[in-house]
Amino acid sequence: MSKVNTAPIKWAQRSDSLYITIALPDVKEESINLADETLKFTGKSNNKEYEVDIAFLKPVDAEGSTYKVMPRSIHMHVMKKDKEEEEFWPRLLKDKALEKNQVKVDWDRYVDEDEEEEGFDKSALDGGQGMGGMPGMGGMGGGGIL
């Protein structure tokens, strides 16, 4: 049995959403399952198996979220469940220790809470796949060359 590696995660946020990047190039055989409280990912990159299995600090809106598999990474725009709350989360995961080892801040997309003027540049997600309704079907319709 081969060893499964933990995929590196970067994240940034706005008051209503999260931007999560799984930083793996040329991902194949990916499976992405976003639920309201968890994110599970498995896939291969450079002939190595990777996974992510995290529990979010607070609930998210899996139905309203999107993702896209790109050549160098997987980009996810995840909507926060409680839109009225409009506050920044102190961290991404429930488990602080896990967050220190697995998750980094995406400084390219980071803004301070008091400097937030607009949402994320989602142009990389245009044509992205919806996450709701079909768990485990994330690799379909990706448009990549097989």
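As a starting point, this report considers the structure included with it. Note that the structure is predicted; figures quoted are calculated from it, not measured. (Residues numbered from 1 in each chain as written. Predicted model: local features only at pLDDT ≥ 70, side-chain atom pairs only at ≥ 80, totals over all residues. Heavy atoms only, no water.)

## Some details on the overall build of the chain
Turning to step 1, where the next piece is worked out: Looking only at helices and strands, one finds 1 helix and 10 strands in the chain.
Turning to step 2, where the next piece is worked out: For the chain, the sequential pattern of α-helices and β-strands runs β-β-β-β-β-β-β-β-α-β-β.
Turning to step 3, where the next piece is worked out: Out of the 146 residues in the chain, the part that is buried amounts to 36%.
Turning to step 4, where the next piece is worked out: Of the contacts formed within the chain by residues at least 6 apart in sequence, a portion of 64% connects residues at least 24 apart.
Turning to step 5, where the next piece is worked out: As presented, the chain carries roughly 8700 Å² of accessible surface, and 48% of it is formed by carbon and sulfur atoms. (Helix = DSSP H or I, 4+ residues; strand = E, 2+ residues; numbered from the N terminus. Buried < 20%, exposed > 50% of the residue type's maximum accessible area, 1.4 Å probe, protein only. Contact = heavy atoms within 4.5 Å. Areas by Shrake-Rupley, 256 points an atom, 1.4 Å probe, with all protein chains shown as cover.)

## Focus on the sheet that holds strand S5 (residues 38-45)
Turning to step 1, where the next piece is worked out: As summarised here, the arrangement of the 4 strands in space is S1-S6-S5-S4, forming an open sheet in which the pairing is mixed. Each edge of the open sheet carries a strand with a single partner, namely strand S1 (4-6) and strand S4 (28-34). On average, each strand axis in the sheet is tilted by 20° relative to the strand beside it, whichever way the strands run.
Turning to step 2, where the next piece is worked out: Of the pairings in the sheet, the one linking S1 to strand S6 (residues 48-55) comprises 3 bridges and is parallel in character. Its bridge partner being in S6, Thr-6 is matched across the sheet by Glu-51. (Pairing = 2+ DSSP bridges. Axes fitted to C-alpha atoms, helices over the stretch in contact; angles between N-to-C directions.)

## Digging into a nonpolar patch on the surface
Turning to step 1, where the next piece is worked out: A cluster of nonpolar residues, Val-105, Trp-107 and Tyr-110, forms a patch on the protein surface that exposes about 330 Å² of accessible area.
Turning to step 2, where the next piece is worked out: As for its position among the elements, Trp-107 is in the loop between strand S9 (103-105) and strand S10 (129-130). (Patch = residues over 30% accessible without salt bridge, like charges linked within 9 Å, V, L, I, M, F, W, Y side chains within 5 Å. Salt bridge = Lys/Arg side-chain N within 4 Å of Asp/Glu carboxyl O.)

## Here we look at the pattern of salt bridges
Turning to step 1, where the next piece is worked out: One pass over the full model with this rule turns up 6 salt bridges.
Turning to step 2, where the next piece is worked out: Put simply, Lys-81 and Asp-36 hold a salt bridge, and the shortest N to O gap is 2.7 Å. Taken as a pair, Lys-81 in the loop between strand S8 (74-80) and helix H1 (96-102) and Asp-36 in the loop between S4 and S5 lie far apart in primary sequence, 45 residues in all.
Turning to step 3, where the next piece is worked out: Relative accessible area serves as the criterion here: at 40%, Lys-81 is assigned to the partly exposed category.
Turning to step 4, where the next piece is worked out: Residue classification places Asp-36 among the partly exposed residues on the basis of a relative accessible area of 29%.
Turning to step 5, where the next piece is worked out: Taking the shortest distance from any N to any O, the salt bridge between Lys-94 and Glu-37 comes out at 3.9 Å. On the criterion of sequence distance, the pair formed by Lys-94 in the loop between S8 and H1 and Glu-37 in the loop between S4 and S5 is long-range, its members being 57 residues apart.
Turning to step 6, where the next piece is worked out: On the basis of relative accessibility, which here comes to 47%, the residue Lys-94 falls in the partly exposed class.

## Let's talk about the nonpolar core
Turning to step 1, where the next piece is worked out: Leu-18, Ile-20, Phe-41, Phe-56, Met-76 and Leu-92 are the most contacted members of the largest nonpolar core, which totals 27 residues.
Turning to step 2, where the next piece is worked out: For this core, the secondary-structure elements that each account for two or more residues are strand S2 (9-13), strand S3 (17-22), S4, S5, S6, strand S7 (60-69) and S8. (Core = buried A, V, L, I, M, F, W, Y, C linked by side-chain atoms within 4.5 Å.)

## Let's talk about a negative patch on the surface
Turning to step 1, where the next piece is worked out: Side chains of Asp-112, Glu-113, Asp-114 and Glu-115 sit close together on the surface and give a patch of like negative charge.
Turning to step 2, where the next piece is worked out: Here Asp-112 is to be found in the loop between S9 and S10.
Turning to step 3, where the next piece is worked out: A relative accessible area of 31% means that Asp-112 is categorised as partly exposed. (Lys, Arg positive; Asp, Glu negative; His and termini not counted. Charge placed at Lys NZ, Arg CZ, Asp CG, Glu CD.)

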